[in-house]
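# Notes for the structure review
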Amino acid sequence: MRRLRTNLFVTAYLGVLGFGLAAHALTFLKTCHPAMYFIVWDMFCGWSAYETRCEVIGEGDSGTYYQLAPGPWGEIRPFGSAERRDYDVYGQFGHRLAANTLRHTEHEPIRRIYIVEKAWAKKYNLPEPVWELRYQTPKPTEFPCYYHVRAIYNDQGVCLHRVEDWLKTQYELCVLDNPRLRSDMRKGHTFFASNPRDRQSEVIQTVNYESTDTE
């Protein structure tokens, strides 16, 4: 009986791990339940060296820009210093936050809504004593920040432009800076790329491999 229980446990254990590996490889039921995190192979979860924040900006007919998130009723911080909109890592719901603010406020007609990503190196989040211990210099009061427009919507909420986050964009620019890789992409890919996350919004992005070609 003891041997049978041992064999059953080992079989179940290997079976669950095998299912997790297959789910990860085939992208099947990978996120169907929070418990899948414990069996899906996720050794390298992709923690970034950059801290990011999201800004939702509206452009009025007069050319004035307005901060549309957080709304006038205050901020929501589920955990730490990040606000609710900062958890939208794929930049899909910023326009909904903007629409909610516009729906409950008086304002001039808004013609564009911009979702802007702000990024900076996480090392600047270190407390001053830890910074001085690590770098032997006082922590700077100002440090480099990078602003990146991730999406643009019109006044009807239709997506006009969408790109990947700042890190992925920098990676793509590095790839496009390589003449050999640009040549391979021209041979093996079409000139149109559709993001799977944008299938419902019918957004098609034009991929221009010639924009950085200096040959």
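Scroll up a little and you will see the structure.
Residues numbered from 1 in each chain as written. Predicted model: local features only at pLDDT ≥ 70, side-chain atom pairs only at ≥ 80, totals over all residues. Heavy atoms only, no water.

## A closer look at the overall build of the protein
A count of helices and strands for the protein gives 5 helices and 7 strands. When the helices and strands of the protein are placed in sequence order, the string is α-β-β-α-β-α-β-β-α-α-β-β. Across the 215 residues in the protein, those meeting the buried criterion constitute 27%. Per element, the accessible surface of the protein, about 15700 Å² overall, is 59% carbon and sulfur. (Helix = DSSP H or I, 4+ residues; strand = E, 2+ residues; numbered from the N terminus. Buried < 20%, exposed > 50% of the residue type's maximum accessible area, 1.4 Å probe, protein only. Areas by Shrake-Rupley, 256 points an atom, 1.4 Å probe, with all protein chains shown as cover.)

## Quick word on the pattern of salt bridges
Within this structure, the stated rule accounts for 8 salt bridges. A salt bridge links glutamate 51 to arginine 53, with the nearest nitrogen and oxygen atoms 2.9 Å apart. Accessibility assignment for this pair places glutamate 51 and arginine 53 in one class, buried. Between glutamate 164 and lysine 168 there is a salt bridge whose closest N-O contact spans 3.9 Å. With relative accessibility at 40%, the residue lysine 168 sits in the partly exposed group. (Salt bridge = Lys/Arg side-chain N within 4 Å of Asp/Glu carboxyl O.)

## What about the pairing of strand S1 (residues 50-60)?
Judged from the 11 bridges that link them, S1 and strand S3 (residues 110-121) form a sheet pairing that is antiparallel. Bridged to glutamate 55 within S3 is valine 116. Note: S1 against strand S2 (residues 65-69), 4 bridges, orientation antiparallel. Each bridged residue has a counterpart across the sheet, and for glutamate 59 the counterpart in S2 is tyrosine 65. Hairpin geometry of S1 and S2 is characterised by an intervening segment of 4 residues between the two adjacent antiparallel strands and by a positive phi of about 90° at glycine 63. (Pairing = 2+ DSSP bridges.)

## Some words on the side chain of aspartate 88
Looking at the element boundaries, aspartate 88 is found in the loop between S2 and helix H2 (94-103). Separated by 2.9 Å, the side chain of aspartate 88 and the backbone nitrogen of glutamine 92 make a polar contact. In terms of polar contacts, aspartate 88 uses its side chain to reach the backbone amide nitrogen of phenylalanine 93, at 2.7 Å. In contact with aspartate 88, not counting residues within four places along its chain, are Phe93 and Gly94. (Polar contact = N/O pair within 3.5 Å; in protein donor to acceptor, adjacent residues only side chain to side chain. Contact = heavy atoms within 4.5 Å.)

## Regarding the nonpolar core
Cys54, Val56, Leu68, Ala69, Ala98, Leu102, Ile110, Ile113, Ile115, Ala151, Tyr153 and Cys159 form the largest nonpolar core, which has 12 residues in total. Here the element with the most residues in this core is S3; it accounts for 3 residues. (Core = buried A, V, L, I, M, F, W, Y, C linked by side-chain atoms within 4.5 Å.)

## Things to note about the sheet that holds S2
The 5 strands are arranged S2-S1-S3-S4-S5 in an open sheet whose pairing can be described as antiparallel. Only two strands of the sheet have a single neighbouring strand rather than two, namely S2 and strand S5 (159-162). Neighbour-to-neighbour, the strand axes of the sheet open up by a mean angle of 30°, direction not taken into account. By the bridge criterion, 3 bridges tie strand S4 (residues 146-154) to S5 in an arrangement that is antiparallel. Paired with alanine 151 across the bridge in S5 is arginine 162. Sheet strands in contact with H2 are S1, S2, S3 and S4, and its direction is about 130° off that of S3. (Axes fitted to C-alpha atoms, helices over the stretch in contact; angles between N-to-C directions.)

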